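Structural overview for review
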Amino acid sequence: MFESLIGLVAIIALFVIISRQQSRIGLIERELGALRSLVLSGTPALPPQAKEPAANDSKPADAAIPLAAAADLASPGTAAVASATEAEADTAAPSAPESAQPAAAAKPTRQSDVETALGTRWAVWVGGIALALGGLFLIRYTIEAGIFGPRVRLAMAAALGLVLVAGGEFIRRTGFRVPVQGAAGAYIPAILTAAGAFILFGTVYAAYSIYGFIGPTLAFTLLSAIGVATIAASLVHGQALAGVGLLGAMVTPLLVASQAPNPWALFGYLAIVLVATGVIARIRDWSLLMAAAFVATGIWTIFYMTEAPGTNLSVILFIDGVTLAVLAFVWLGRRDEAVAGSGFDWPSIAPGFFVGLSALALFVDPAFAAIRGALPGAALVAALVAVARYRPRALALLHAAGLATVLVYLGIIPPTTIASDFSGGALGVDGMPVVASDALMLRVGIVLGLVFIGLGFWAARRFAAHGWLRAATGAAWSAVAPLVILLALWSTFGNLDRDLAYAAVAAVLVGVFVAGGEWIARGEAPPLTGGAAVSFALGGAAIAGLLMLHMAFGSGWTTILLGAAAAVPALATRWRSYPVLGWISVGAVIAVLGRAAFDPTIVGAEFLSKTPVFNWLLLGYGVPALAFGFAAWQLARTTNGRPRLAMEAGAALFCLLTVAMLVRHAMHGGVIDTAAATLAEQAIYTLIAIGAGAILVAIDMRSPSQVLRYGSIAAGAVSVAFIVLQHFLALNPLLTDESTGSIPVFNLLFLAYLLPAVAAGALALYSRDKRPQWYAAMLAVVAAVLAFAYATLSVRRLFKGEFIGLWSGLGQLETYTYSALWLVIGVVLLAAGVWLKSQVLRIASAALISIAVLKVFIFDMSELEGVLRALSFIGLGAVLIGIGLFYQRLLTRAAREVN
């Protein structure tokens, strides 16, 4: 036991020494930097007398003895001698080399600092530790040597401890002053008192634990008295001594064992220590001491709840109540309201965490729930909210209450399969909810929801003008907690298909949140600006409205009405220019999009009619598209900004989805979620994407918008991706051998290749001066390739019939026809490129003619025979000569125009 105490003392001493030295090293570095700057700039240094106030500033705020009296130690004669010495040094300075000045200036300072550290601080610290250890070693030595009896040894140790305490008090009362700069951290009276307290702790514990001279009651009383007295002595000796006393007081219950532990005695004692510590911390404004006391009390509470058999519920409520009372009336008491409303009290994090954890345990643990159900936990949550509203600086309590409430009510939902035994410290999966759901949980949920709404909106209104963070926090939890409670209660007790009662509650919440947001906005400075608190309130109203629609209507009507509801916030911008209104409309777009992704049929596959066009798809996608377009139009005339762009994008997207879903529905007989896509269907999608790109370009020309600009580019890129991946690769009839139809011209090839080629070419021509050059060039190349594919595949169909798969082989006449066709297409592309002044088409023509040349010389030469081989080469030669003649005349004409 003595080795453990020695190790603890050594660790504490090492920590104190290291922390003090770090601060001193930092001070030395700053002084050296300032001195170096003065020397390099040539500015004369201030005399030592001018630096005395700065030296005294290094005194800690918690030192009980003023340092102003240190100047009394210097006599007038000493000051005169110092002045004469400085004058002599100034006179002799010019004769000294400049390079020696920094070293000469820094040397006295460094010597003085080292001397101060060794003589005034280190010696005192080590001396105090040595005294404490000496007392403990003395007890051990007398035990090992058997010099004195146990009683005499303990009496000597107790006397030494009392002497040290008395010595510290004597030195303090006789007018102790810190004589030199930097010695304030080595306050001798406090160190002597701390050493005496350590020795007294060790003496009492040895008398109880080792020798059994005193019983547990007396030992507990003496150790408690020493700890509390040490804390009280910190009023005159500083915060470090208070930490020593708090440590001893909190460890005392662990050191003293009892055969019949009494929880009321334990927590009554802890309450006294907490109150005493709170009073002292409040007097001296010691935040660290107060936080340590809260943490220690919270650890004891959680330890008791998890380890003690037959935990007493009243004891837990008592100590949590005392903790909150100390925070509200002692630590944060008697503080100016203006200051209280503008700061954050970080020590309140500890009671918020531990009391919130206790409340959560009272809900979850079946042993506690069996006593009074959910009432004790609910009482702690309500107390946290009340204290947070009474003391605005204790904002952490509101977060703790909100998190505890959310976790508890999410735990009552039946799909939650994790069960917890808090007293046993184990978690398991047994198919049961975490928290028992009963009628009391329902009533408690209603009460807690009202508490959060009332106190949260009241705080938001109170701080709307001068404390936006507190206002936003209050409004946020006023919305989040009731919504989570409503969702949990509906999932547990309501009808998930359709429940008008819970829908009515959600509708009431919509009205409450909207009214609360308006009430908060009128308290802003300036009024009706729609800050963060108003945004949280109205956002909660939007979520409550979503829940109301889902609870009251089926899936189909929910999607339609939710899409239509996106226009409501946009319309509201006519009367209120709150930034959040536009984003609520954007949230409706996201919600509808998620709903459509979850069930593309809108009402379910079994309820979707097979009637083309006029079915749920038209309403489920078309109505939101119209509402989103109207919202974008309205926002463009009021608040504008990014929400308007997002609504434009949503309107364009749902217009495309409407057409695409109707096409798929019609082509697959009313089935849209299982049938595989065909080339004909994909061709329609491609045409839709190209058409959408053209429409967006046209609208952007009339009403410029970044969404329309980049949306049109995205539509063109998507259409090109469709063509490359689907038309040329995955669904190409050459590879799939899909039927191209029995009609000679208006068949699958016409729909899948010629029409997209015309559409892509038209869009490339239309967007030449309206979009980036690469965009028009990309579409032009794709149009040329599609036209080439249509012509080639049409030749293939002419020779092979309805099915044109590659595995059916090639004939000589078919092979020759390809060569002739490609040359003709190349010439046509060349003429079109010259006529349209399109370099892209001319390059495409050159590429296609090059392919034809390679085919003739590599493939036709080996595969064709007789007249077909001759005609192939003759035709190729004639075309190439004609092209050369065409370019010569073109260049000659250009040269004449230049001259």
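Residues numbered from 1 in each chain as written. Predicted model: local features only at pLDDT ≥ 70, side-chain atom pairs only at ≥ 80, totals over all residues. Heavy atoms only, no water.

**A short note on the environment of Ala525**
Put simply, the rule reads: Numbering goes from the N terminus for both helices and strands, where a helix is a DSSP run of H or I of at least four residues and a strand is a run of E of at least two.
Structurally, the position occupied by Ala525 is in the loop between helix 19 (500–522) and helix 20 (532–552). Placed 61 residues apart in sequence, Ala525 and Ala464 show a C-alpha to C-alpha distance of 7.5 Å.

**What about helix 23 (residues 579–598)?**
Applicable threshold: How far a helix is expected to stretch is found by multiplying one less than its residue total by 1.5 Å. Relative accessibility thresholds used throughout: buried, under 20% of the residue-type maximum; exposed, over 50%; partly exposed, between the two (1.4 Å probe, protein chains only). Any pair of residues with heavy atoms lying within 4.5 Å of one another is described as a contacting pair.
For helix 23, which comprises 20 residues, the first-to-last C-alpha distance of 30 Å matches the rise-based estimate of 28 Å (1.5 Å per residue) to within 8%. Within the span of helix 23, buried status applies to Val580, Leu581, Gly582, Ile584, Ser585, Val586, Ala588, Val589, Val592, Arg595 and Ala596. Tucked into the core, helix 23 has its buried residues touching helix 20, helix 21 (555–565), helix 22 (567–572), helix 24 (616–636) and helix 25 (642–667).

**A few points about a nonpolar patch on the surface**
For clarity, the threshold we go by: Like charges within 9 Å and nonpolar side chains (Val, Leu, Ile, Met, Phe, Trp, Tyr) within 5 Å are joined into patches, using only residues over 30% in relative accessible area that form no salt bridge. Note that accessible areas follow from Shrake-Rupley with a 1.4 Å probe, and for residues the cover is restricted to the protein chains shown. We define a salt bridge as a side-chain nitrogen of Lys or Arg found within 4 Å of a carboxyl oxygen belonging to Asp or Glu.
Taken together, the side chains of Leu288, Phe344, Trp346 and Ile349 make up a nonpolar region of the molecular surface, amounting to roughly 420 Å² of accessible area. Along the polypeptide, Leu288 turns up in helix 10 (residues 287–307).

**Notes on the pattern of salt bridges**
Following the criterion strictly, the structure yields four salt bridges and no others. Linking Arg522 and Glu518 is a salt bridge whose minimum nitrogen-to-oxygen distance equals 3.2 Å. With Arg522 and Glu518 both in helix 19 and four residues apart, this pair spans about one turn of that helix. On the basis of relative accessibility, which here comes to 49%, the residue Arg522 falls in the partly exposed class. Asp700 is paired through a salt bridge with Arg771; the nearest N and O atoms lie 3.1 Å apart.

**As for the confidence of the model for the protein chain**
Rule in force here: Per-residue confidence from the predictor is reported as pLDDT, a score between 0 and 100.
Confidence in the prediction for the protein chain averages 76 pLDDT; 69% of positions are at 70 or higher. Ranking the elements of the protein chain by mean pLDDT puts helix 3 (residues 76–92) last with 38 and helix 19 first with 95.

**Here we look at the side chain of Arg389**
Relative to the helices and strands, Arg389 is located in helix 15 (residues 375–390). The contacts of Arg389, once residues within four sequence positions are left out, are Leu395, Leu398, Leu455, Gly456, Trp458, Ala459 and Arg462.

**A short note on the environment of Ile584**
Relative to the elements of secondary structure, Ile584 occurs in helix 23. Taking the relative accessible area as the measure of exposure, Ile584 reaches 17% and is therefore buried. Each C-alpha atom, one on Ile584 and one on Gly539, is 6.8 Å from the other, the two residues being 45 residues apart in sequence.

**A word on helix 18 (residues 468–493)**
Between its first and last C-alpha, helix 18 extends 37 Å over 26 residues, near the 38 Å set by a 1.5 Å rise per residue. When you tally the buried positions in helix 18, you get 21 out of 26 residues, the bulk of the element.

**Overview of the packing of helix 15 against helix 16 (residues 395–410)**
As a reminder, the rule being used: Lines fitted to the C-alpha atoms define the axes, with helices restricted to the stretch that makes contact. Angles between their N-to-C directions range from 0 to 180 degrees. Each angle gets one of four labels, with under 35 degrees taken as roughly parallel, over 145 as roughly antiparallel, 65 to 115 as roughly perpendicular, and the rest as oblique. A crossing counts as left-handed when the near helix is turned anticlockwise from the far one by less than a right angle, and as right-handed when that turn is clockwise.
Packing of helix 15 against helix 16 brings their axes to within 8 Å, and their N-to-C directions diverge by 155 degrees. Classed by the angle they form, the pair helix 15 and helix 16 counts as roughly antiparallel. Viewed along their axes, helix 15 and helix 16 form a crossing whose handedness is left-handed. Residues Val381, Leu384, Val385, Val387, Ala388 and Arg389 of helix 15 form the contact with helix 16, whose participating residues are Leu395, Leu397, Leu398, Ala400, Ala401, Ala404 and Thr405.

**Quick word on the packing of aromatic side chains**
Basically, it comes down to this: To pair, rings of Phe, Tyr and Trp, with the six-membered ring standing in for Trp, must have centres within 6.5 Å; the planes then decide the type, stacked if under 30 degrees apart, edge-to-face if over 60, and tilted in the middle.
A complete count under the given rule lists 15 aromatic pairs for this structure. Judged by centre distance (5.8 Å) and plane angle (45 degrees), the ring pair of Phe329 and Tyr390 falls under tilted. Taken together, the residues Phe329 in helix 11 (residues 313–331) and Tyr390 in helix 15 connect sequence positions 61 residues apart. The exposure class of Phe329 is exposed, given its relative accessible area of 56%. A connected cluster of aromatic rings, assembled from ring pairs, spans Tyr621, Phe628 and Phe654.

**Quick word on the nonpolar core**
Note the cut-off: The criterion is simple. A nonpolar core is a set of buried Ala, Val, Leu, Ile, Met, Phe, Trp, Tyr and Cys residues joined through side-chain atoms within 4.5 Å.
In this structure, Tyr409 and Phe513 are the most contacted members of the largest nonpolar core, which totals 103 residues. By residue number, the principal contributor to this core is helix 18, which donates twelve residues. If sequence neighbours within four positions are ignored, Phe513 has contacts with Ile453, Phe457, Ser478, Ala479, Pro482, Leu483, Ala537, Leu538, Gly540, Ala541 and Ala544. Judged by nonpolar contacts, the second largest core, of 28 residues, contains Leu734, Phe750, Tyr775 and Val782.

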